[in-house]
Number of protein chains: 6
Amino acid sequence: MKAALHTVTSAPELPAYVASGNECALFEHAWRHQLPVLLKGPTGCGKTRFVAHMAARLGLPLHTVACHDDLTAADLTGRYLLRGGDTVWTDGPLTRAVREGGICYLDEVVEARKDVTVVLHPLTDDRRILPLERTGEELAAPKSFMLVVSYNPGYQTLLKALKPSTRQRFVAVEFGFLPSEQEIAVVSTESGLSPERVRPLVGLAGRLRALKGHDLEEGVSTRLVVYCATLIAAGTPIADAVLAGMIEPLTDDVDVKAALLDVARAMIG
Amino acid sequence: MKAALHTVTSAPELPAYVASGNECALFEHAWRHQLPVLLKGPTGCGKTRFVAHMAARLGLPLHTVACHDDLTAADLTGRYLLRGGDTVWTDGPLTRAVREGGICYLDEVVEARKDVTVVLHPLTDDRRILPLERTGEELAAPKSFMLVVSYNPGYQTLLKALKPSTRQRFVAVEFGFLPSEQEIAVVSTESGLSPERVRPLVGLAGRLRALKGHDLEEGVSTRLVVYCATLIAAGTPIADAVLAGMIEPLTDDVDVKAALLDVARAMIG
Amino acid sequence: MKAALHTVTSAPELPAYVASGNECALFEHAWRHQLPVLLKGPTGCGKTRFVAHMAARLGLPLHTVACHDDLTAADLTGRYLLRGGDTVWTDGPLTRAVREGGICYLDEVVEARKDVTVVLHPLTDDRRILPLERTGEELAAPKSFMLVVSYNPGYQTLLKALKPSTRQRFVAVEFGFLPSEQEIAVVSTESGLSPERVRPLVGLAGRLRALKGHDLEEGVSTRLVVYCATLIAAGTPIADAVLAGMIEPLTDDVDVKAALLDVARAMIG
Amino acid sequence: MKAALHTVTSAPELPAYVASGNECALFEHAWRHQLPVLLKGPTGCGKTRFVAHMAARLGLPLHTVACHDDLTAADLTGRYLLRGGDTVWTDGPLTRAVREGGICYLDEVVEARKDVTVVLHPLTDDRRILPLERTGEELAAPKSFMLVVSYNPGYQTLLKALKPSTRQRFVAVEFGFLPSEQEIAVVSTESGLSPERVRPLVGLAGRLRALKGHDLEEGVSTRLVVYCATLIAAGTPIADAVLAGMIEPLTDDVDVKAALLDVARAMIG
Amino acid sequence: MKAALHTVTSAPELPAYVASGNECALFEHAWRHQLPVLLKGPTGCGKTRFVAHMAARLGLPLHTVACHDDLTAADLTGRYLLRGGDTVWTDGPLTRAVREGGICYLDEVVEARKDVTVVLHPLTDDRRILPLERTGEELAAPKSFMLVVSYNPGYQTLLKALKPSTRQRFVAVEFGFLPSEQEIAVVSTESGLSPERVRPLVGLAGRLRALKGHDLEEGVSTRLVVYCATLIAAGTPIADAVLAGMIEPLTDDVDVKAALLDVARAMIG
Amino acid sequence: MKAALHTVTSAPELPAYVASGNECALFEHAWRHQLPVLLKGPTGCGKTRFVAHMAARLGLPLHTVACHDDLTAADLTGRYLLRGGDTVWTDGPLTRAVREGGICYLDEVVEARKDVTVVLHPLTDDRRILPLERTGEELAAPKSFMLVVSYNPGYQTLLKALKPSTRQRFVAVEFGFLPSEQEIAVVSTESGLSPERVRPLVGLAGRLRALKGHDLEEGVSTRLVVYCATLIAAGTPIADAVLAGMIEPLTDDVDVKAALLDVARAMIG
């Protein structure tokens, strides 16, 4: 199942998105039956855009939290702040989402601290509750509430991985890069560069993605191809734009960079 | 001794549960003789449901705490909060359970910080007391109070394991997956999919569980089979539902995923 | 020198205890000459009970502290708490014991943080003082004050061990399991099961203890034998009670568990 | 693409800078199309000066943050401070930059704590927002806002490296040392020493830079050559100035220092 | 240079001490010329007693601080405490000693946190000042102020060692165990057991000390011999007293303990 | 380039110092041209004394900070303290030095926490500013302000080393021990012992310094020779004074100590 990063046509208010598989229907089924969803896929393949699209399509508010090494359960649920000498409870983004309904999206969830699972588990089984130990409340999630989490499988390590007891609480969808023609259309629309001039850039991106795992930690994202095309459309020489937009962001290794430049020169001229 | 995750018939107020062994009698004996109980078993095999069932059956309030890496003794017993410039003691869930009686259930107790044992030990020997060092109180547990802890033996590591001095304070019960016919009935009831259509899904789950330890960290839970059947009942093509509900949540490894898909195709067609 | 966990006869107010050696006389001599005492021995062998017994026998109040990974000197001595915008000093359990006299018992002292030694050292040499740096006080221990610490030598690691400079401040006593006949009497009294029915359980416990170090981290405690006998007296089938009370609490390893069950079946039938 | 550290002529208000490639045009294109920029290069090669130059040229305020091991997201976004018993929100430098527009420059961004990425990601994709979880605000960056980050690839380690998911959000430019003639002009202008007397110092610097990776962790920066020339212009003997300005700051190793002195004596005499 | 732990005769107010070398004269010279002193030696060899003796002899107040893993500079110098909503500075023990004069004794100084050196260095060179960064004060030590530190060389590890830049700020004295006849006299006086009955105990202690480094981490201290003799004088059988006072406190290893018992039986009978 | 620890003649107000090279002129040039200075050298070789001398000579206030493991940027720049329920900013020593001008001397700078570089970098390039993120201020250093840092190259480890990006911001000077005749004069003046009696001590110090790297972590400092001579002048026997002043402070190793004593006996007699 593959999903699109950007799309050619867009409706006002609804973030543009063209499905490359059945991911929209699956997401809607999951939401209607109150199943939480896990999105897997590499950097910049459109997971965030997909969630924004679905939230707009289903008419749901979207609460996004970018997870990181120091994110704790309290950052999600809330904490007491000092106000006028007294402590006042302040809801976190997850608590707000549970109170108001809608989608709560935890981006790169494996980065968060381990105590975050404590608030996810009771929300992702048949209880669908959010216990707030500090206030003594136990919030029941409304029907419209849906939990969506994402991560990049390429980054998982022994220290940073979802435990099976957490993973098995989600319906999971894998995202990948766009097929060439779709990617050309997306890049052309986003950058204003003609499809004919975008085609070799997308071709180069495909070649660079094939090197992932050998010399590169991760393949070039569609976002970088858009950057590169934008610079070219603004008048930057092609070679400079490719270097700044598609080579330098990938690696610092002198030898790898030389190899990538060889590939680029052979394909772009 | 095997215990059921879900059951076919359910009475109002009493969470549905069908015992697969003598675990209900054993639990009741333990409660009557004030012995603490330790539940062992894999993800989603019904430990939490079993405790909810027994609490309702014995007419006891149930206090559940999901343990995690940062959970400390103070999260269980309580702490001082600032109120109007003064510090006010606020009971934690364990303290509330000891004051009011009933079951206090610590889910995945091995995840908690080590100082938690300090509040468990005096509650699990013949003293049955909860000393609150911060307030200077020493609460005696009422007869109705029972401590139940659980963990998943598959996760134990050198760093995260119950010390013998803690383990030996509990009567222990091991839980496993449901026998096939019971699991088919449970999944059919929960998902609304007919038992005939559920049967191959449960068969597939059994095959995937047999791979645990080789390629998979943990076998597929009954919860995931319910997810998969729910998606099928909602109109998702079977292959898509199996992928999203029973394969993607298990692994990110390309080779393992391909192997699981081969198994699935052979069994589901 | 062996000491009893529980005893058959008990006097009101005085926790039952039958000495298996000269430990009571030794303890009393140490108390009279103001020597601190260190109790060594495995889980559940009766160290805590022995201290409670001696405290009652000598007519001394008993202050018990269960030590853990996060226990600091301040948890023992006290700290400033905020009251009405002001900081008010609150004694910890050790400080209370020094002010009021009696026995202060630090259970599993090797678990405590290293700064705890700072309050133990001046209390265990000829100064017998407790300096409270935060308040500027220096309390002299009264004649009746006695410091008792315990630990389980089986748990000591490089990171968690008493330094010689601390150990050499204590008279030390080692505790072990009860002789069979004494253990049968204790278990029978505690569980209500007849001595004849207890005898094979105690025999099994002896066999399981002999496996310690090979397959088991620690042998079965008398407490677990009491649990097992209690379940049998309550009507649980013997095999189920042995599994839940004497096997499952010892190990999660499938092969070790099978070996223990073989031993159990051979001895219990 | 190479960029100059310092330049010979300077205009009032505009920090002097002579481009050695197309980096100025590229930077301006990136700013006009709202693309974030990543500057890579060794110590003291002029990255900070380049950003100051471009900020002045584009008429933008410049907010600089030197990143370090303990820099957290809150240091960038802001925090609550206690004022008169109440907590008052105080903007951090990134928040001020987003509110007011202009360039926010994070120097040596790989040094910062991992939670910093959480505030960079939504600012570097098409949302261009800064979510302030603590205040509940979500600031939209104005058109004039631009995020620039820099780091030294020579320092990256496994623990300290930009994740691909962060790197791929930037157009990247690599900086190196100045060509000889340009460096001679810069050093002469900055130090007041005549170009003929500067020439052998720059020649020596080139030789020392060639040793990087073998005996030296990093080559001598143009800044150090300016220091050396300044000391000579002030009357310090050449050998002393070279030792204090170009040898001692590079190494503490006795053998390496002797080798560097040999090189210096051979070239300077 | 050897120093005595305890002595036979004692004057009121002056802690008993019999010098075994020139340590008293050396200490007094150091004090008169304002040189700081470092005492090295094993557990319980009398370092603390020696300092108490010298303080009394020189008529100086003695401020003792037992150092530990968590002791910081602020614990020595002082900190702000909240009083009535305001922060009030409270001197630590080192600051009090500098303000009032006299000896400040840091016992086991290698245990303290590294920032402690920051307050020791300016006090131990010709400045003799204590800078209090938090209050902005810079206290000049009076002539009578003397800094004394001690540690046990047997415990030093790579992580816990005095840096040369700290060590070289002290005149150093090494302490050892007492010669036999002096130790017999001390033990007899302290325990009330006759010298003839003490003699074999001291002989045994000498044998056990010779095993240090092979099977024992540290030899038996004079304090333990006193404990053992005290128990014997109170009526404890000799074998029991030796076991509790001189064997059990030394080791938990079964084999080592058996070897020590063999030695004890051969010597005591 | 060698510098003297102490000198024979001293002027009132000006700390005595006799230059052994051109270090005074170099320091003055650096100060006039606003170049920061880095002093390298072993323990007690006179770096601190040199800075005090130069500060007095140039008529500048001197702000000294002894760096340590826990020293953070906030310790240098300042922090908010609670006063009457409000937070009041309090300048740290570096901020005071920047506001008032003069020399700020960070002793053993490699010991400080890594975030300290964040305040050093903008002060050591052409900006010469101190940004105070917490108050929002950006202080411009006055012309008289000079930053001086020192460290001991012998202590640098992988974890504790100046990064090139920090080192290359300083003119660097290396310090060593005094030539014999100068050292004899210094020791004689400081201790009151005649030069003839000091000569063999300085000779012994030279021999012991030659052992550095083999058996000794660092050679004996001039300070220790002064201690030793002071004890001898006070009447301590030479052998005792050498042991306490020049041997015991260097090592705890029994074999090394024996070797040092052999050297001492051979030279002192």
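Residues numbered from 1 in each chain as written. Chains lettered and ligands numbered in written order. Predicted model: local features only at pLDDT ≥ 70, side-chain atom pairs only at ≥ 80, totals over all residues. Heavy atoms only, no water.

### Regarding the overall build of chain A
Item 1. When you go through chain A residue by residue, the secondary structure sums to 11 helices and 9 strands.
Item 2. Buried residues in chain A amount to 58% of all 269 residues.
Item 3. A separation of at least 24 residues holds for 68% of the contacts in chain A among residues at least 6 apart in sequence.
Item 4. When the accessible area of chain A is evaluated, it comes to approximately 10,000 Å², of which 53% is carbon and sulfur surface. (Helix = DSSP H or I, 4+ residues; strand = E, 2+ residues; numbered from the N terminus. Buried < 20%, exposed > 50% of the residue type's maximum accessible area, 1.4 Å probe, protein only. Contact = heavy atoms within 4.5 Å. Areas by Shrake-Rupley, 256 points an atom, 1.4 Å probe, with all protein chains shown as cover.)

### Describing the state of the cysteines
Residues and elements named next belong to chain A.
Item 1. One pass over the full model with this rule turns up 0 disulfides over all chains.
Item 2. In this model C104 remains outside any disulfide bridge; the closest cysteine sulfur is found in C67, 8.8 Å from its own.
Item 3. On the basis of relative accessible area, C104 is assigned to the buried category, the value being 0%. (Disulfide = S-S within 2.5 Å.)

### A look at the relation of the copies chain C and chain E
Between the two copies of this chain, the relationship is a rotation about some axis together with a displacement along it.
Item 1. Structural alignment of chain C on chain E gives an RMSD of 0.1 Å, achieved by rotating through 60 degrees and translating 0.1 Å along the axis. Seen this way, the second copy is the image of the first under a six-fold rotation axis.
Item 2. When you check the interface residues of chain C against chain E, a mere 5% turn up at the interface there too, and the two sides of the contact use different surfaces. (Least-squares fit on C-alpha atoms with pLDDT ≥ 70 in both.)

### Some words on the interface of chain C and chain E
Item 1. Each partner contributes to the interface: chain C provides 37 residues, whereas chain E provides 43 residues.
Item 2. Taking both partners together, chain C and chain E bury about 3,400 Å²; carbon and sulfur atoms supply 51% of that area.
Item 3. Counting across the chain C and chain E interface gives 5 salt bridges.
Item 4. A salt bridge links R49(E) to D126(C); the nearest nitrogen and oxygen atoms lie 2.6 Å apart.
Item 5. Our count for the chain C to chain E interface comes out at 17 residue pairs in polar contact (both at pLDDT 80 or more).
Item 6. Elements that contribute at least two residues to the side of chain C that touches chain E include exactly helix 1 (23-32), strand 3 (78-83), strand 4 (86-91), helix 6 (164-167) and strand 9 (171-174) of chain C.
Item 7. The class makeup of the residues in the side of chain C that touches chain E is 13 nonpolar, 10 polar and 14 charged. (Buried area = accessible area lost by both parts, 1.4 Å probe. Salt bridge = Lys/Arg side-chain N within 4 Å of Asp/Glu carboxyl O. Polar contact = N/O pair within 3.5 Å; in protein donor to acceptor, adjacent residues only side chain to side chain. Nonpolar A, V, L, I, M, F, W, Y, C, P; charged D, E, K, R; others polar.)

### As for the relation of the copies chain C and chain B
Item 1. Once chain C has been moved 0.1 Å along the axis and rotated by 60 degrees, it coincides with chain B to within an RMSD of 0.1 Å.
Item 2. An asymmetric contact is evident, with only 5% of the interface residues of chain C recurring at the interface of chain B.

### Focus on the sheet that holds strand 5 (residues 103-107) of chain C
Residues and elements named next belong to chain C.
Item 1. Strand order in this open sheet of 5 strands is 2-5-8-1-9, and the pairing throughout is parallel. The open sheet has two edge strands with one neighbour each: strand 2 (62-66) and strand 9. Going across the sheet, the axis of each strand differs from the next one's by a mean of 20 degrees, ignoring polarity.
Item 2. As judged from the 5 bridges shared by strand 2 and strand 5, these two strands associate in the parallel manner. From the neighbouring strand, L62 faces strand 5, where its bridge partner is I103.
Item 3. Lying on the sheet, helix 1 is in contact with strand 1 (37-40), strand 5, strand 8 (146-151) and strand 9; it crosses strand 8 at an angle near 135 degrees. (Pairing = 2+ DSSP bridges. Axes fitted to C-alpha atoms, helices over the stretch in contact; angles between N-to-C directions.)

### Side note on the interface of chain C and chain B
Item 1. Across the contact, 41 residues belong to chain C and 37 residues belong to chain B.
Item 2. Of the roughly 3,400 Å² buried where chain C meets chain B, counting both sides, 51% is carbon and sulfur surface.
Item 3. Our count for the contact surface shared by chain C and chain B stands at 17 residue pairs in polar contact (both at pLDDT 80 or more).
Item 4. Those elements giving two or more residues to the side of chain C that touches chain B turn out to be helix 2 (47-57), strand 2, strand 3, helix 9 (222-233) and helix 10 (238-247) of chain C.
Item 5. The dominant element in the side of chain C that touches chain B, judged by the number of residues it contributes, is helix 9 of chain C, at 5 residues.

### Some points on the side chain of D107(E)
Item 1. If you trace the backbone, D107(E) turns up in strand 5 (residues 103-107).
Item 2. Summary of buried charges: D107(E) has no salt-bridge partner, and the nearest side chain of opposite charge, R127(C), is 5.4 Å away.
Item 3. In terms of polar contacts, D107(E) uses its side chain to reach the side chain of S150(E), at 2.8 Å.
Item 4. Among all residues touching D107(E), those that are not within four sequence positions of it are T48(E), V65(E), A66(E), C67(E) and S150(E). (Lys, Arg positive; Asp, Glu negative; His and termini not counted.)

### Things to note about the environment of D69(C)
Residues and elements named next belong to chain C.
Item 1. Mapping D69 onto the fold places it in the loop between strand 2 and helix 3 (73-77).
Item 2. Note on D69: relative accessible area 25%, which makes it partly exposed.
Item 3. Between the C-alpha atom of D69 and that of E111, which follows or precedes it by 42 residues, the distance is 5.2 Å.

### Comments concerning the pattern of salt bridges
Item 1. Per the stated rule, a full pass over the model turns up 89 salt bridges over all chains.
Item 2. The partner of D125(E) in a salt bridge is R169(E), with the nearest N and O atoms 3.6 Å apart. Residue D125(E) is located in the loop between helix 5 (117-120) and strand 6 (129-132), and its partner R169(E) is located in the loop between helix 6 (164-167) and strand 9 (171-174); the two are separated by 44 residues in the primary sequence. Of the two residues examined, D125(E) and R169(E), each falls in the buried class.
Item 3. Sharing partners across several salt bridges, the network here consists of K40(A), R167(A), E174(A), E248(B), D252(B) and K257(B).

### Observations concerning the packing of helix 1 (residues 23-32) of chain F against helix 2 (residues 47-57) of chain F
All names here are of chain F.
Item 1. Two numbers describe how helix 1 lies on helix 2: the axes approach to 11 Å, and their chain directions differ by 60 degrees. Classified by the interaxial angle, the pair formed by helix 1 and helix 2 is oblique. Helix-helix and strand crossings are classified by hand; for helix 1 and helix 2 the assignment is right-handed. Of helix 2, the residues touching helix 1 (which contributes E23, C24, F27 and E28) are F50, M54 and R57.
Item 2. Grouping the constituent residues of the contact of helix 1 with helix 2 by class yields 4 nonpolar, no polar and 3 charged. (Parallel < 35°, antiparallel > 145°, perpendicular 65-115°, else oblique. Left-handed = near helix turned anticlockwise from the far one by under 90°.)

### Points about helix 11 (residues 254-268) of chain B
Item 1. A rise of 1.5 Å per residue sets the reference length of helix 11 of chain B, with its 15 residues, at 21 Å; its end C-alpha atoms lie 20 Å apart and thus fit the reference within 8%.
Item 2. Along helix 11 of chain B, the residues that are buried comprise V256(B), K257(B), L260(B), V263(B) and A264(B). Seen end-on, helix 11 of chain B carries its buried residues on one side only, within an arc spanning 120 degrees. Structural note: helix 11 of chain B exposes V254(B), D255(B), R265(B) and A266(B) on the side pointing more than 90 degrees away from its buried face.
Item 3. Close packing links the buried residues of helix 11 of chain B with strand 1 (37-40) and strand 9 (171-174) of chain A together with helix 8 (195-210) and helix 10 (238-247) of chain B.
Item 4. Its side-chain oxygen placed 2.9 Å from the backbone nitrogen of D255(B), D253(B) serves as the N-cap of helix 11 of chain B. (Expected span 1.5 Å × (residues − 1). Arc of directions from axis to C-beta.)

### Points about the pairing of strand 6 (residues 129-132) of chain C
Residue and element names in this part refer to chain C.
Item 1. Sheet analysis places strand 6 next to strand 7 (residues 137-140), joined by 4 bridges and oriented antiparallel. Looking at strand 7, one finds that I129 is bridged to A140.
Item 2. Between strand 6 and the antiparallel strand that follows it, strand 7, lie 4 residues; G136 among them carries a positive phi value of about 80 degrees.

### What to know about the confidence of the model for chain A
Item 1. When the pLDDT values of chain A are averaged, the result is 83; 88% of them are 70 or greater.
Item 2. Per-residue pLDDT stays below 50 along residues 1-12 of chain A; that stretch engages in 45 contacts with residues further than four places along the chain or on separate chains. (pLDDT = per-residue confidence, 0-100.)

### Details of the sheet that holds strand 8 (residues 146-151) of chain D
Residues and elements named next belong to chain D.
Item 1. Ordered by their spatial adjacency, 5 strands build an open sheet running 2-5-8-1-9, and the pairing between neighbours is parallel. The outermost strands of the open sheet, each flanked by one partner alone, are strand 2 (62-66) and strand 9 (171-174). Each adjacent strand pair in this sheet contributes to an overall mean axis angle of 20 degrees, direction not counted.
Item 2. As paired elements, strand 5 (residues 103-107) and strand 8 share 4 bridges and run parallel to each other. In the strand pairing of strand 8, Y105 is matched with V148.
Item 3. This element, helix 4 (residues 93-100), spans strand 2, strand 5 and strand 8 of the sheet and lies at about 165 degrees to strand 2.

### Focus on the packing of aromatic side chains
Item 1. Scanning the entire structure with this criterion turns up 12 aromatic pairs over all chains.
Item 2. Aromatic pair F27(B) and F50(B): ring centres 5.4 Å apart, planes at 85 degrees, arrangement edge-to-face. Residue F27(B) is found in helix 1 (residues 23-32), and its partner F50(B) is found in helix 2 (residues 47-57); the two are separated by 23 residues along the sequence. In this structure, F27(B) and F50(B) share a single accessibility class: buried.
Item 3. Seen from their ring centres, F50(F) and F175(F) are 5.1 Å apart, and the 55 degrees between their planes marks the pair as tilted. One end of the pair, F50(F), is in helix 2; the other, F175(F), is in the loop between strand 9 (171-174) and helix 7 (180-191), and 125 residues separate them in sequence.
Item 4. Since its relative accessible area comes to 2%, F175(F) is described here as buried.
Item 5. Here the aromatic cluster, defined as three or more aromatic residues joined through ring pairs, consists of F27(A), F50(A) and F175(A). (Phe/Tyr/Trp six-rings, centres within 6.5 Å; stacked < 30°, edge-to-face > 60°.)

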